[in-house]
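Chain residues, written in single-letter form:
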There are 2 protein chains.
Amino acid sequence: MKLSKEKTTIGFVGIGVMGKSMAGHLLGTGYPLHIYTRTKKSADDLVAAGAVWAESVKALAEKCDVVFTMLGFPPDVEAVYFGEQGLLMNMKPGTYVVDMSTSRPDLAMKIFEAATSRKVHALDAPVSGGDIGARDARLSIMVGGDQETFDTVLPLFQLMGTNIVLQGSAGSGQHTKMCNQIAIAAGMMGVCEAFAYAEKAGLDPKNVLKSIESGAAGSWSLSNLVPRIIAGDFAPGFYVKHFIKDMAIAIEAADSMGLDVPGLKLAKSLYVKLAEAGGEDYGTQALYKLYSSK
Amino acid sequence: MKLSKEKTTIGFVGIGVMGKSMAGHLLGTGYPLHIYTRTKKSADDLVAAGAVWAESVKALAEKCDVVFTMLGFPPDVEAVYFGEQGLLMNMKPGTYVVDMSTSRPDLAMKIFEAATSRKVHALDAPVSGGDIGARDARLSIMVGGDQETFDTVLPLFQLMGTNIVLQGSAGSGQHTKMCNQIAIAAGMMGVCEAFAYAEKAGLDPKNVLKSIESGAAGSWSLSNLVPRIIAGDFAPGFYVKHFIKDMAIAIEAADSMGLDVPGLKLAKSLYVKLAEAGGEDYGTQALYKLYSSK
């Protein structure tokens with residue numbers, strides 16, 4: 001099925017740092033856009049730019065043909081999708097719901113089943129690329145669901161991202177995002193331990209970076225986060241508290257599949273220690289603080 | 001000081017996979033090249049190409065002005081450098097020794113001190129880039145020692161590598177290589193856990209790679225070793241047994257500096273488990289075998 005610009009009304013729930021950029025890309029492309037978020041003030045800019053404010057999830061659901069959600073934590077996703085006031089009870093048959101939050105794979109499957117029973121099409125479609133990827137519409141979008149639904153929503157995904165892959169049935173998008181977070185988690189330990197070692201050994205971290213970043217030790221984290229560590233910049237690109245949420249989901253999912261992930265578990269325990277020491281609102285590069293004597 | 005092509009004889013000790021390529025780049029550039037390695041047969045190709053076979057380390061030391069060593073383990077380095085038959089006792093004053101093996105930082109300092117007391121110039125200069133980097137003369141060379149010695153040897157380094165950085169005083173090259181290995185170690189856990197998770201979740205690993213390799217989870221290991229894992233190719237680019245050696249050196253050095261490196265320790269324990277199960281001659285990507293049910 002092809003979405004018609006004249007007849008398709010889009011909704012977006014969850015106007016945070018990421019959601020604001022993503023919803024912004026859906027504006028002014030010919031589709032009417034309705035938005036809702038917990039803190040109305042966060043939506044002011046988008047409303048000024050032409051988005052229509054909805055008074056509730058229910059009100060938004062009743063008006064929209066395709067609704068995207070970009071929320072913080074799985075309980076937020078559950079609250080928006082389920083219940084009498086939720087999306088699924090109030091979307092019309094034949095419409096689309098797309099959860100772009102990073103959330104539990106089993107919750108994505110539960111949403112898919114509940115949606116299907118109400119003849120609503122559902123995708124899970126978490127992203128990577130962070131605030132900059134969202135702003136530049138260069139997100140990687142990892143999708144779970146069926147091919148036909150994917151094909152229908154694809155033109156809208158293309159307004160927000162550049163690397164859009166259908167990974168498999170419902171939940172597969174979330175599972176893929178977990179793979180992404182698992183690779184990052186232990187990798188961040190390696191990066192922080194390497195540069196804490198450099199500090200202890202009296203090396204110049206900029207020179208170490210020059211020697212190692214283009215070789216087998218090279219990584220996005222090394223090239224993008226070590227310069228921030230060197231500069232003493234621990235501001236969030238990606239929040240420690242959100243990373244802990246993602247790692248908890250991944251560990252639970254791995255456990256349920258009978259897979260041990262000791263590296264991930266160790267990384268999570270270190271991030272929890274960092275959060276408990278007051279670091280939950282830092283960026284993930286602040287893991288370095290646990291190692292450094294500075 | 002500038003090395004003269006007419007008056008400078010070069011030596012190379014340790015003709016393994018890496019050493020053979022590296023010594024090969026020093027051949028035919030105008031400098032006479034003497035070589036020695038434990039297994040004479042390994043030197044046949046280089047001798048055929050014009051290198052001069054030396055009957056012992058001592059015989060080589062007596063003839064050469066600059067000697068490079070590329071050996072397996074720190075005890076090999078000690079055996080080549082020290083003792084009556086070793087390099088240091090038999091090099092002339094004013095000559096140069098350069099250890100390009102990955103070895104202990106404290107051993108590099110010990111060599112530097114012993115060399116200096118005999119008026120021999122010493123550098124530690126381990127490399128990264130693997131067999132391919134050695135073959136293509138595109139190694140990253142991480143150097144410890146003094147500036148003047150570095151400047152003198154630099155034109156020879158440039159025949160073997162492209163990213164050549166003086167990291168600081170004696171031992172700093174080895175310390176930098178340890179940073180490289182530390183970043184890789186925990187990173188490999190992350191990569192293997194991510195793709196073991198993908199396998200358990202029933203995802204297509206090629207699609208997962210497509211979704212995550214260009215983002216924040218991206219790394220050299222992800223892009224270069226996961227395709228080998230997917231293909232079931234566990235042949236060594238870099239041997240598990242050598243990686244364990246490096247991690248042991250790094251852990252010992254970190255301990256001696258009062259730095260805890262839990263990620264590195266966990267990674268080493270997993271690699272030791274892999275080696276004990278018969279995996280020591282695999283490539284480092286074989287860590288995946290510990291996680292995978294296949």
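In this report, we go over the structure that sits alongside the text. (Residues numbered from 1 in each chain as written. Chains lettered and ligands numbered in written order. Predicted model: local features only at pLDDT ≥ 70, side-chain atom pairs only at ≥ 80, totals over all residues. Heavy atoms only, no water.)

What follows deals with the overall build of chain A. Counting its secondary structure elements, chain A contains 14 helices and nine strands. Taken against the 2.2 N^0.38 rule, which gives 19 Å for 294 residues, the C-alpha radius of gyration of chain A at 20 Å falls within 12% of a compact globule. In terms of overall dimensions, chain A has a C-alpha envelope of 65 × 45 × 35 Å along the principal axes. Counting the 294 residues in chain A, one finds 57% classified as buried. Restricting the contact set of chain A to residue pairs at least 6 apart, pairs at least 24 apart contribute 66%. Per element, the accessible surface of chain A, about 11400 Å² overall, is 53% carbon and sulfur. (Helix = DSSP H or I, 4+ residues; strand = E, 2+ residues; numbered from the N terminus. Rg over C-alpha atoms; globule rule 2.2 N^0.38 Å. Buried < 20%, exposed > 50% of the residue type's maximum accessible area, 1.4 Å probe, protein only. Contact = heavy atoms within 4.5 Å. Areas by Shrake-Rupley, 256 points an atom, 1.4 Å probe, with all protein chains shown as cover.)

The next point concerns the pairing of strand β5 (residues 96–99) of chain A. Residues and elements named next belong to chain A. The alternating pattern of β5 places Y96 and V98 on one face and V97 and D99 on the opposite face, and all of these are buried. Pairing of strand β4 (residues 66–69) with β5 involves four bridges; the strand directions are parallel. Paired with T69 across the two strands is D99, which belongs to β5. With four bridges joining them, β5 and strand β6 (residues 121–124) adopt parallel strand pairing. Each residue of the ladder has a partner; that of D99, found in β6, is D124. (Pairing = 2+ DSSP bridges.)

This part takes up the interface of chain A and chain B. Residue-level contacts link 57 residues of chain A with 57 residues of chain B. If you look at where chain A meets chain B, you find 16 residue pairs in polar contact (both at pLDDT 80 or more). Only β8 (139–144), β9 (161–168), α9 (172–200), α10 (205–212), α11 (220–230), α12 (240–256) and α13 (262–279) of chain A provide two or more residues apiece to the side of chain A that touches chain B. Sorting elements by how many residues they give to the side of chain A that touches chain B places α9(A) first, with 20 residues. (Polar contact = N/O pair within 3.5 Å; in protein donor to acceptor, adjacent residues only side chain to side chain.)

All names here are of chain A. Residue placement: T284 occurs in the loop between α13 and α14 (288–291). Classification of T284 as buried rests on a relative accessible area of 8%. Ignoring sequence-local partners within four residues, the contact set of T284 consists of M188, L225, F238, Y239, V240, F243 and Y271.

So, about the pairing of strand β8 (residues 139–144) of chain B. Residues and elements named next belong to chain B. Within β8, six of the six residues are buried, which leaves it mostly tucked inside the rest of the structure. Here β8 shows a buried face lined by L139, I141 and V143 and a second buried face lined by S140, M142 and G144. The sheet contact formed by strand β7 (residues 127–128) and β8 spans two bridges and is antiparallel. Bridge pairing in β8 links V127 to I141. Of the pairings in the sheet, the one linking β8 to strand β9 (residues 161–168) comprises six bridges and is parallel in character. Looking at the pairing, G144 lines up with G168 of β9.

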